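# Understanding the architecture of this molecule
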Amino acid sequence: MSEKNPNFNVLDLFQDKKLVKICAPMVRYSKLQFRNLVKTYGTDLNFTPMILAESFCLSEKARRNEFTTNLLDTPLVTQFAANTIHEFVGAAHLVSPYCNGVDLNCGCPQRWAKEQGIGCVMLKRPELIYDIVRQCRNQISKPFSVSVKMRLLKDITETISICRELEMCGVSFITVHARTSSQLTGDINKDALKLIKENCSVPVVGNGGITSLEKCFELRDETGCDGVMLANGILTNPTVFSGSAVTTLDCIQNWLDICYNSTLTCTTYDKELKNPSLTIPEKPSNLTFQCFHHHLVFMLEKVLLRCEKRVFNNLKTFSGVLGFIKSRFDIEPRLYEPKRFSKAVTLYLDYSGRDDVYMDLKPADYYVDERLVYDTGDDNGKYFESKASLENDDDECDWSNMFLENG
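Structural notes, computed from the coordinates. This one's a predicted model, so the numbers in the text were calculated from it and none came from an experiment. (Residues numbered from 1 in each chain as written. Predicted model: local features only at pLDDT ≥ 70, side-chain atom pairs only at ≥ 80, totals over all residues. Heavy atoms only, no water.)

## A closer look at the overall build of the chain
Counting secondary structure elements, the chain contains 19 helices and nine strands. Expressed as a percentage of its 407 residues, the buried residues of the chain come to 58%. Here the analysis covers contacts within the chain between residues at least 6 apart in sequence; of these, 75% occur between residues at least 24 apart. Accessible area for the chain stands at about 17,200 Å²; split by element, carbon and sulfur atoms hold 47% of it. (Helix = DSSP H or I, 4+ residues; strand = E, 2+ residues; numbered from the N terminus. Buried < 20%, exposed > 50% of the residue type's maximum accessible area, 1.4 Å probe, protein only. Contact = heavy atoms within 4.5 Å. Areas by Shrake-Rupley, 256 points an atom, 1.4 Å probe, with all protein chains shown as cover.)

Here is the structure:
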């Protein structure tokens, strides 16, 4: 892992760059392949999807399915949702050799998250947030970063107070989705973001509703924020940080290349070198059809005609998608050269012996709800499907739209 540079200091980005450009943590969407793609087009820092810390600590299956990385995937921050010290710090310790920092989710407004006491409801328990940050900072040495992503409270004074206290606890930087938990869309509160930045000495990242590089710099100029985090804007256009207004054909080509090569192991790569198939099998390793297809649906939203979108969006197989892209754009996957592939191949991550921090911090009488442990019997990355069974209101479990939490 030394080649991946785990000692990279995320804070150096805020020193070296006028504006740090960040890909947001999007459930199901900011997976390894997408992170590799957007880095090609100018992201300075990428976040993993939000991962439930409890399941990550308790389940090898959760770790295998929800966190993958390679040598191209740096700098990287892993975001966890937690409401106990032992879960967040334990998960952070587990993942710390393979990323450059961890982030505590204090912004998710979904009903299921609120009922579990995670996400935006954490802002009602600021002392717990402070303790989590302090304990994590004490357990994992710098330059590993410990950050918090939060929403605004209705009282801006209270929001500023939390941010300033987080500074005292040793937080590395703060990301502010400049809406309250009751606002999923609409204009963000730039005045509030400006006040937070004026009252904090740690870097402040602005988030919410930004869809172009021009608007990123406008937000910096209007609020003084040190970085900008995009979700919807980069999902629809992964090239947004390069200044492009829409997804380019080069981006589509790179996406096919990344996904195709990500399904190969060192052994199967050697076979492909001799006789390249330039295709993706219907049940590949390390890639779900949902990830492959849905990203293309978003990318092509402003590229395809309406009649074409009706056809493309309803495709159900890898071969169908690849055939459509070949016919429409004359693009097909390309096999990486050996040097590039060696950096792109998914790494084997060894967590053995790293659960000691979780076990040491976990209270002896702490009860684990087995329903919430990751064991869906599904290897397709549908981490949150098990949570739906605990809900009665299906409308509150629109997992595909959870990235809206990030704007």
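Now that the structure has been shown, the text picks up again.
## Concerning the side chain of Thr84
Topologically, Thr84 is positioned in the loop between strand 4 (76–81) and helix 5 (85–95). Residue Thr84 is classed as buried on the basis of its relative accessible area, which comes to 11%.

## Description of the pattern of salt bridges
A complete count under the given rule lists 14 salt bridges for this structure. The closest approach of N and O atoms between Asp73 and Arg35, which form a salt bridge, is 2.8 Å. Placement of the pair is Asp73 in the loop between helix 4 (60–66) and strand 4 and Arg35 in helix 2 (residues 32–40), with a sequence separation of 38 residues. Owing to a relative accessible area of 2%, Asp73 belongs among the buried residues under this scheme. For the salt bridge of Arg134 with Asp131, the shortest nitrogen-to-oxygen distance reads 2.5 Å. Placement of both Arg134 and Asp131 in helix 7 (residues 126–139) is noted, with a separation of three residues, approximately one turn of the helix. A relative accessible area of 32% places Arg134 in the partly exposed class. Salt bridges sharing partners connect three or more residues here, namely Lys17, Lys21 and Asp44. (Salt bridge = Lys/Arg side-chain N within 4 Å of Asp/Glu carboxyl O.)

## Focus on the side chain of Thr263
By the element assignment, Thr263 lies in the loop between helix 12 (249–262) and helix 13 (266–274). Since its relative accessible area comes to 10%, Thr263 is described here as buried. Excluding anything up to four places from it in sequence, Thr263 contacts Ile280, Pro284, Ser285 and Leu287.

## Quick word on the packing of helix 7 against helix 8 (residues 156–169)
When two helices pack together, their arrangement is given by the angle between the helix axes and by the axis-to-axis distance. It is the contact of helix 7 with helix 8, at a shortest axis distance of 9 Å, that shows an interaxial angle of 25 degrees. As summarised for this structure, helix 7 and helix 8 are arranged roughly parallel, according to the angle between their axes. Where helix 7 crosses over helix 8, the handedness of that crossing is right-handed. Together, Pro126, Ile129, Tyr130, Val133, Arg134 and Arg137 of helix 7 and Ser161, Ile162, Glu165, Leu166 and Cys169 of helix 8 make up the contact between the two elements. Tallied by class, the residues present in the contact of helix 7 with helix 8 amount to seven nonpolar, one polar and three charged. (Axes fitted to C-alpha atoms, helices over the stretch in contact; angles between N-to-C directions. Parallel < 35°, antiparallel > 145°, perpendicular 65-115°, else oblique. Left-handed = near helix turned anticlockwise from the far one by under 90°. Nonpolar A, V, L, I, M, F, W, Y, C, P; charged D, E, K, R; others polar.)

## A few points about the nonpolar core
In terms of nonpolar packing, the biggest core is built from 119 residues, with Phe67, Phe292 and Ile325 touching the most fellow members. Sort the elements by how many residues they give to this core and helix 12 lands first, with seven residues. Leaving out residues up to four positions away in the same chain, Ile325 has contacts with Ile252, Leu256, Leu300, Phe312, Asp330 and Ile331. Counting eight residues, the second-largest nonpolar core is a separate cluster that includes Val27, Leu52, Ala81 and Cys108. (Core = buried A, V, L, I, M, F, W, Y, C linked by side-chain atoms within 4.5 Å.)

## Quick look at helix 12
Across its 14 residues, helix 12 extends 20 Å between first and last C-alpha, which sits within 8% of the 20 Å expected from 1.5 Å per residue. Of all 14 residues in helix 12, 12 are buried, a share of seventy percent or more. Listed in full, the buried residues belonging to helix 12 are Cys251, Ile252, Gln253, Asn254, Trp255, Leu256, Asp257, Ile258, Cys259, Tyr260, Asn261 and Ser262. (Expected span 1.5 Å × (residues − 1).)

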